[in-house]
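# Understanding the architecture of this molecule
Here are the chains, one letter per residue:
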Amino acid sequence: MKPILPVLLFLCAGLAATSLPAHAQSPDEDLAAARAAVTQTPSGQTGGLETDDPDMAAMVKKVKIITRSKSATELPENTPIALDLGLVDVPGADSKLTEGVTAKAYARYVKVEEQKVGQLVLSGVEKDGRAEALNSDDFVAQFALENDPKLDPAAPITIEGDQSELIAALKRLAVAGDEETASKKEVEEAGVGASDGAVASNAASNPDAGSYTTPGALELDDTPQTSTRITAEGCKMRIDLDQLQAIQQTRMATTTDGETSYGTCADGEERYKINKSYSACSYIEDLDARTATASFIYYYTDGSGNRVEHGECQPDPEARFDIVEDSSACRVSLDYDAGTVITNAKLVYTNQSGRKIEVRDCSPSEDVAPAVMSATSEGCDIRDDFDAGVSYQRHKYVYELGGVSYSTACTDSGTEFAHETVYKTDGGDYVCTPLINSKDKSVTLQSRVRILVNGLEQFRTACTPDTTSMDVIATTEGCEDPAYWTHSLSAGQSYGSERYYYFYDDKQEFITDCQKSDQVYTHQVEITGWQPHDDQLFAYALSTVYIDGTPQGRYNIKTSEVLPGTAQTPYTYDGESTAPNSDVTYEDCTRFAGQDLVRNYTRPDGTKYALTVGAADPVDQGNVCTAQITWGPDTHATYALSSSNYYNAGNVCGTTTLSFNYSSGDNDFSGTNSTANHCAFTDAIGTKSILREDGEVIGEPVSASCRATSSAPSIRNYRTQNGGQSIQFRPFGPAYPALTIAIKSQCIVNWGWPL
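Residues numbered from 1 in each chain as written. Predicted model: local features only at pLDDT ≥ 70, side-chain atom pairs only at ≥ 80, totals over all residues. Heavy atoms only, no water.

### Thoughts on the overall build of the chain
Test applied: Secondary structure elements follow DSSP: runs of H or I no shorter than four residues count as helices, runs of E no shorter than two count as strands, and numbering proceeds from the N terminus. Under the scheme applied here, a residue whose accessible area is under 20% of the maximum for its type counts as buried, over 50% as exposed, and between as partly exposed, the area being computed with a 1.4 Å probe on protein chains only. Here, two residues are considered to be in contact whenever any of their heavy atoms come within 4.5 Å of each other. With residues, only the protein chains shown are counted as cover, and all accessible areas are computed by Shrake-Rupley using a 1.4 Å probe.
A tally of helices and strands in the chain yields 6 helices and 54 strands. Considering the chain as a whole, with its 755 residues, one finds that 40% of them fall into the buried category. Put simply, of all contacts in the chain between residues at least 6 apart along the chain, 59% involve residues at least 24 apart. Entry remark: accessible area of the chain is about 39700 Å², with carbon and sulfur atoms responsible for 47%.

### Considering the pairing of strand β33 (residues 446-453)
Selection rule: Strands pair, by our definition, only if DSSP identifies at least two bridges between them.
Counting buried positions along β33 yields 6 of 8 residues, so the element is predominantly enclosed. As judged from the 3 bridges shared by strand β30 (residues 420-422) and β33, these two strands associate in the antiparallel manner. Within β33, the position partnered with Val422 by the bridge is Arg448. Direction of pairing for β33 relative to strand β35 (residues 464-465): antiparallel, over a ladder of 2 bridges. Across the sheet, residue Ser447 finds its bridge partner in β35, namely Thr464. Direction of pairing for β33 relative to strand β34 (residues 456-459): antiparallel, over a ladder of 4 bridges.

### A few points about the pairing of strand β7 (residues 139-144)
Most of β7 is tucked away, with 5 of its 6 residues classed as buried. In this structure, strand β5 (residues 115-127) lies alongside β7, joined through 5 bridges in antiparallel fashion. Looking across to β7, one finds that Val117 is bridged to Ala144. Where β7 meets strand β9 (residues 157-161), 2 bridges bridge the pair, whose relative direction is antiparallel.

### Overview of the sheet that holds strand β46 (residues 590-602)
Two strands in a sheet stick together by hydrogen bonds in their backbones, pointing the same way (parallel) or opposite ways (antiparallel). To be explicit about the condition: Think of each axis as a best-fit line through the C-alpha atoms, taken over the contacting stretch in the case of a helix, with angles from 0 to 180 degrees between the N-to-C directions.
With respect to topology, 3 strands assemble into an open sheet ordered β45-β46-β47, the strand pairing being antiparallel. Bordering the open sheet on either side are β45 (572-587) and β47 (608-623), each of which pairs with just one other strand. Sheet twist, expressed as the mean angle between neighbouring strand axes with direction ignored, is 20°. Pairing analysis gives 11 bridges linking β46 to β47, with the strands arranged antiparallel. Looking across to β47, one finds that Leu597 is bridged to Gly614.

Set out below in structure tokens:
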């Protein structure tokens, strides 16, 4: 498995660096050009580098180090890879110091205005399995690439680096190598050797070897331990609104014997998409311009699913909506003095979610002109007051809106008409036919109550016999049922019924049928319920119209009906509030519970009504994501010494100092030797996914490799060869280690993932 590669700490795209396109000239010419580039930069100058960064200014003390890639390597974009370089020329260093040395580096390429730019840093040098770490901040290269972002082993790569630091590291490698060689030589001179692990008898040829005893216990090497890692500690998130990305900056942390030094923060591999959130911002309502503009705030969701907002709410000019009038939910206003009907309207707009939002409550419309209303008596009965001898004209107002005719209830207009009882018309004719009693040869005249309306006569009663001329008697007998009476809702009156008779031979002789009398019953009205109209915030009263005092007592003329011309009773306003609704929305990992902005009203019957007038700010219910970490299968790898001998082996796992102690004759021998370790690895790929409560995966899953390592020194076998003693090694590595939960948990911590 490949190790996790660090995110490099690279310089900005404007850094001046040597750019040598592959195949442009021969390798020797390339090397000559690279050397020339070094000599052309006077000591103490930056070679055209201009920067305000104090860390960059320190580069004036650096030299040009010429390297070559050891193999043709294609560079990835953004994500760095590890590679090995050969040291071609280190100014001021003896060639023996660079012989056999491999420079360890990380490299990638980035795009700057469509130009591919290679970026490289040195992290250390290595020789014969021994390693020395370098501060990667002090060894940087940046160079232009052709379309194919590949490193050519034939083309030199010039790195600006700290001369003294590199030479010091090379010298430490050389000294460690000399000490190791001397130690081996001492052992060889002592005549100690090894082959297949069996100790042979050599008493006849080498009595000293015959007294050989088993080496003592292993002792750990006290060489300073150095490790490097990439960390976001102390680095900020860089917000790139041009690319709509939040980029986690990272830096190299180098730890030597517990002391940690840090490099400069630079863009790392963790990047999060920046989105616009409209849920957390209000609309900007401009009544003068009649527009409503949505506002948004930038946010991103980090690797733990947390919502992070950036900046303040700002208008989105591409989300602008017209504010218009809406009269459908408003009642009209009647101006009796001006004789006009005023259309009222709300100001509303439709938001991004398609919901109607109210900006202003019902007010006189600016778009619809007032309509004219007129008074008319048509459809309104005259109201009679026989006790006072007067009748009253009634009228109502009519108007038209949107092609629909409307009218008010009938009311007294203020015009009165005096009653007059007449038997004959002005022309001398009887208004009613006289009643003739053929038995006693008598005649009874009849009269009616008349009024003059606009010069025209109107009769308000039926023909009534004159009871003064003969024994004619009025009675309600047989006319008691109000169902057959005359009821005038517009006049608010009902008229009783009666008929007339006289006695003949002590027997009633009816001379008329039941007819309207002058007995007036005034209508009584009681509200028995309400017909709500929530869309316009009013209710019509449901009325029961009745009369009392009839021969049958109370009589209902209308029961729980909306009477013609009934006024609209408005609801009582109780103020605004918010109310939850069933809407649930998500912005990445953040859940929002919808709310409505409502206006509260009380209906005339005391019940409550909440009118939704828009969308209130939703309730942020926080992060509803969890980090789900899954592990791939365990895989294994082994780094071991070759089966030949120590000197040709690659010491990829470090060394262990071995103490030895043996006797030969009268002499005792003791000392220490360094031996290479064999390493075994168990690797597994961990994958972190951010999972929302509804099952949706947020962002892209991130994977990294976790490793468990075990190591053991080679096994020494001693034997006599050609009369002398020698030491040989054979590979013998440890078993594959267990990749335990504890190790995996530590990997998760190192990666900065949530546990």
